[in-house]
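For reference, the chains in residue letters:
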Amino acid sequence: MSGGYNEIHPEPTTFWSTYIISFDHKVIAKQFLWYGIFFLGLGGIMALLIRWTLAYPGVPVPVLGSLLFSDSGGVVPPDTYSMLFTMHGTIMIFYAITPILIGAFGNYCIPLQIGARDMAFPMLNMLSFWFAFLSGLVLIISLCLPLGAAAGGWTSYPTLSTLIGSPGAGQTLWCVAIFLFGVSSTMGAVNYVTTVITLRAPGMGYFDMPLTIWGLWLTAILNAIFVPVLGAGVLLLILDRVMGTTFFLAGASATSGSGDPVLFQHVFWIFGHPEVYILILPAWGIVSDLLSFFSRKPAFGAKATALAMTSVSILSTLVYGHHMFTTQMSPLLTQSFMTLTMTISIPSAIFFANWLGTIWKGSIRFDSPMLFSLGVVFVFGLGGLTGLHLGTVTTDLYLHDTYFVVGHFHYTMAASVLLGGFAGIYFWFPKMFGKMMNETMAKIHFWGTMIPLNGIFFGMLMVGYGGMHRRIYNPFVYESLQRLIPINSMITTSAILMGAFQIVFVINFLWSLKNGAKAVSNPWNVGTLEWTIPSPPVHHNYDEIPVVKCGPHELGNPNLKNGRDFQYQTEELVEA
Amino acid sequence: MNRNQLQNNLAMTVTLIMGSMLFATLFLGYAVYRSSALMWPPLGIQKVSLVLPFLSTLVILASSWFMYQGRLKLENGNLTKAMVDVNLALALGSIFMIGQCYLWFYLKSTGIFLTTSGIFGSILYGFTWIHAFHMIFGILSLVYLRFAIKRNNSNILQTTVNVEKFWHFLGVVWIVMFLTIFVL
Ligand code: HEM
Ligand SMILES: [Cu+2]
């Protein structure tokens, strides 16, 4: 493996090498962005089909129903329903959020914000995208199989995911796709970790990095450590399905030794809990930066925020058991996992308080990236609080596998990460494409997302608390749940509304690409390195590698004399 | 250490961490199966004779040793001698792989089957397959290294160090496998 020397690579000349097998981190970032947005749309349509079924069981789906489910008269059939929620979860987590937050922002921001010309291993970077592409292709093919796609939930617990629970190639292809995606993620992780350590501009210490980079870097470290765990898990699952081994099949233990279905749950969550932080850390980083930029104030306790994020990452490796309280763990174990889970609240509370400290008495500018960031503060607060109910054994025994869990992880993951992703897109779009996005449409998009979003996810918390189980085709066959139908149709109405407002985003995105006002090099007046160069940057980013002299959040210093209220990281710190 | 070396070392370190986590997960699974089994090997299955796995262990150890020697000679600038050692490492690695194929036939002949011997067979075959799969990459990188030495590439030492680390890693994983699933 040979690394880059941070030297200027020759600019590619052909279409093929510029846009397809590009080694340029900026192009790869855009590839990941398109990829993620495509899957976001696909996963979103699946979500609407799920919601329709839950609010109006037995009623044909308008428009799409007659196209997709003509055999059943437009109604989503039960087995298809299981495929839908399985693929919805899988697509959103691995194929929408991961590519956008980690693939797109990671690739775009890391070299630019640390003052590098490219990633340490540009070719590995290119391979990382194409592995992700291949994986997406396998997943899409699995949707078109005669026996249908995987239907065992995004967690793929055996026995549901073994040949007994899901015959047919769908689940096997799911495993293959996830494995390929893991290969892609780990390639990215090698690159990100190495790049941040070795290619920071002269003068840039770790605490001079924007918090976005901190988030992405911690994410990459967690990725490198825990994605292989899932890799091993799905590899064994593939062997079980294809070769006939019995790793996850229980049998008579004296004569053959028994496989163990619950082992998969352990393996899945040893990966899975860090994974949820893998997804949220970049969003935390982006929000921490944007709150400071748009409050025109230094980030409150930036160092503490970075260290708190680091402690969360470390602690996140020790709490996975809280997903398995109901698997007959010994009380000693459940109590320990509960205590460790509660410990995460401490660093979480620290950076949350720092966010509030940052906007406190700031001269807040309510541009669209800031609106979305404030949205994250709100929804993450709610999501984090619901985590406490689930982390406590006594309450979790009741709430486990209800819609309360679904509400919890949609607040933390879907809502926070999605809003964080939008904040990032609105913020870096001018740098990426050299055009401004339309601010009015962005604000309509924000409110059109934020209000229905709370209707959906708070509604989920309520029906979950009311006892509605997740993953049931028609929960209302239980008489006790029929009183929840009105809330469910409220949730579905909100979901359709929220979906409709995403069209505003797509139109804005495409329209601005073509007709947006030309972006100046620093439209938001912030001082991190990427804003010192033209929008969009030239192929090698920096003609001269910048020398860093101060931190990323030097805003609102009253002693600044040059008519600006911020200073660039390349400028000597003006003493306050 | 210049920046390029640092980058390569970091990348290889992260890669080895990833590999370790993958195999650590397998061994975790093994620990669970072993500790929850009523008896091991399960009723009606013979313990596997240690002769073949032990010979394989010797072969892979020797291969690692030649790889190490090769890197030392390369550091002293002795390309031709280094080449001999790398060739030996490669040959021994290939012999190890042949030994593994033989092991799979041998297991079959003693009545340990993939699909009917329960978790015992699953572990023996599954784990050695996954290791062998990684060995293929190791062998390919040794083949690549041979040609790199022949052409005397500019950063040949760096490449050698990386390949050597990966090769030792595969050796260590095999030894852990030998000790846990064959000897224990
Ligand atoms: C603030 C601290 C948090 C605590 C204490 C917490 C606690 C929990 C607990 C105990 C569960 C298991 C509930 C059950 O199945 O009965 C759970 C589920 C989940 N949490 Fe969290 N959580 C926290 C933050 C987060 C964050 C930040 C994310 C994602 C970005 C997240 C994503 C998830 C997901 C995806 C699941 C459910 C997965 C599934 O069963 O399908 N959580 N959480
Ligand atoms: Cu968790």
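**Student:** I'd like a rundown of the overall build of chain B, residues and numbers included.
**Tutor:** Along chain B, the regular secondary structure elements total five helices and zero strands. If you list the helices and strands of chain B from N to C, you get α-α-α-α-α. On the principal axes, the C-alpha backbone points of chain B span a range of 60 × 30 × 20 Å. Looking at chain B as a whole, 54% of its 184 residues qualify as buried. Put simply, of all contacts in chain B between residues at least 6 apart along the chain, 80% involve residues at least 24 apart.

**Student:** Could you give an account of unusual backbone geometry, naming the residues involved and the relevant values?
**Tutor:** All names here are of chain A. A cis geometry characterises the amide bond from proline 158 onward to threonine 159, with omega recorded as 5°. Residue placement: threonine 159 occurs in the loop between α5 (122-143) and α6 (169-198). Residue proline 536 is bonded to the preceding serine 535 through a cis peptide linkage, with omega at -15°. Counting through the fold element by element, proline 536 comes out in the segment after α16 (485-515).

**Student:** Can you lay out the site of ligand 1 for me, pointing to particular residues and giving the numbers?
**Tutor:** Residue and element names in this part refer to chain A. Among the 21 residues in the neighbourhood of ligand 1, the closest are listed as Trp154, Asp396, His400, His408 and Arg470. Between tryptophan 154 and ligand 1, the recorded distance is 2.9 Å, taken from a side-chain N or O atom to an oxygen atom. Measuring from an oxygen atom of ligand 1, one finds a side-chain N or O atom of aspartate 396 at 2.4 Å.

**Student:** Explain the coordination of the iron atom of ligand 1 to me, and be specific about the residues and the numbers.
**Tutor:** Of all protein atoms, His408 of chain A (NE2) alone acts as a donor to the iron atom of ligand 1, lying 2.1 Å away. In this structure, the iron atom of ligand 1 lies 4.4 Å away from the copper ion (ligand 2).

**Student:** Account for the confidence of the model for chain B, with residues named and values stated.
**Tutor:** The predicted model of chain B has a mean per-residue pLDDT of 92, with 99% of residues at 70 or higher. Here the prediction assigns the complex a pTM of 0.94, and the interface score ipTM is 0.95.

**Student:** Tell me what's going on with the coordination of the copper ion (ligand 2), and back it up with residues and numbers.
**Tutor:** Tetrahedral metal sites with four donors have an ideal angle of 109.5 degrees; octahedral sites with six donors have ideal angles of 90 or 180 degrees. Listed as protein donors to the copper ion (ligand 2) are His273 of chain A (ND1), His322 of chain A (NE2) and His323 of chain A (NE2); their distances from the metal cover 1.8 to 2.1 Å. Since its relative accessible area comes to 22%, histidine 323 of chain A is described here as partly exposed.

**Student:** Run through helix α4 (residues 118-151) of chain B, naming residues and quoting values.
**Tutor:** Residues three or four positions apart in an α-helix share a direction because the helix packs 3.6 residues into each turn. Residues and elements named next belong to chain B. If you check α4, its first and last C-alpha atoms are 50 Å apart, about what 34 residues at 1.5 Å a residue would give, namely 50 Å. Judged by how many residues are buried, α4 sits mostly within the fold: 24 of 34 residues are covered. Asparagine 152 lies just past α4 and shows a positive phi near 55°.

**Student:** So what about the interface of chain B and chain A? Which residues, and what values?
**Tutor:** It is common to give the size of an interface as the accessible area that goes away when the parts come together. Listed per partner, the contact involves 37 residues of chain B and 42 residues of chain A. Here chain B meets chain A over a buried area of about 3300 Å², counting both sides, of which 71% is carbon and sulfur. Linking chain B with chain A are zero salt bridges. Here chain B is connected to chain A by five residue pairs in polar contact (both at pLDDT 80 or more).

**Student:** Tell me what's going on with the pattern of salt bridges, and back it up with residues and numbers.
**Tutor:** Residue and element names in this part refer to chain A. Applying the stated rule across the entire model yields nine salt bridges over all chains. Arginine 470 is the salt-bridge partner of aspartate 401, the closest N and O atoms lying 3.8 Å from each other. In this pair, aspartate 401 is assigned in the loop between α13 (393-399) and α14 (403-433) and arginine 470 in the loop between α15 (439-465) and α16, connecting sequence segments 69 residues apart.

**Student:** Let's hear about the nonpolar core: which residues, and what values?
**Tutor:** One finds Tyr95 and Trp284 of chain A to be the most contacted residues of the largest nonpolar core, which totals 240 residues. Non-local contacts of tyrosine 95 of chain A, meaning those with residues more than four positions away in its chain, are made with Tyr35, Gly36, Phe39, Thr90, Ser135, Gly136, Leu139, Ala177, Ile178 and Phe181 of chain A.

Calculation notes
- Residue indices follow the written sequence of each chain, beginning from 1 at its first position.
- By the order in which they are written, chains take letters starting at A while ligands take numbers starting at 1.
- Whole-chain, interface and lining totals are the exception, using all residues; otherwise, since this is a predicted model, local features are given only for residues with pLDDT of at least 70 and side-chain atom pairs are given and counted only at 80 or more.
- The side-chain values count all of the structure's non-hydrogen atoms but skip hydrogen atoms and water molecules.
- Starting at the N terminus, helices and strands are each numbered in turn, a helix being any DSSP run of H or I of at least four residues and a strand any DSSP run of E of at least two.
- Any residue under 20% of the maximum accessible area for its type is buried, any over 50% is exposed, and the rest in between are partly exposed; the area is computed with a 1.4 Å probe on protein chains only.
- In this analysis, two residues are considered to be in contact whenever any of their non-hydrogen atoms come within 4.5 Å of each other.
- Proximity is defined per residue: any heavy atom of the residue falling within 4 Å of a molecule or strand makes that residue near it.
- In protein, a polar contact means a hydrogen-donor-capable atom and an acceptor-capable atom, both N or O and within 3.5 Å, with residues adjacent in sequence counting only if both atoms are side-chain atoms; elsewhere, any N or O pair within 3.5 Å suffices.
- Only nitrogen, oxygen and sulfur atoms qualify as donors, and only when within 2.8 Å of the metal (3.2 Å in the case of Na, K and Ca); with water excluded, sites may look incomplete.
- Within a predicted model, pLDDT stands for the predictor's per-residue confidence, ranging from 0 to 100.
- A helix is expected to reach a length of 1.5 Å times the quantity of its residues less one.
- The term buried area refers to how much accessible surface (probe radius 1.4 Å) is lost by two components on association, counted for both of them together.
- We define a salt bridge as a side-chain nitrogen of Lys or Arg found within 4 Å of a carboxyl oxygen belonging to Asp or Glu.
- We call a set of buried residues a nonpolar core when its members are Ala, Val, Leu, Ile, Met, Phe, Trp, Tyr or Cys and they connect through side-chain atoms within 4.5 Å of each other.

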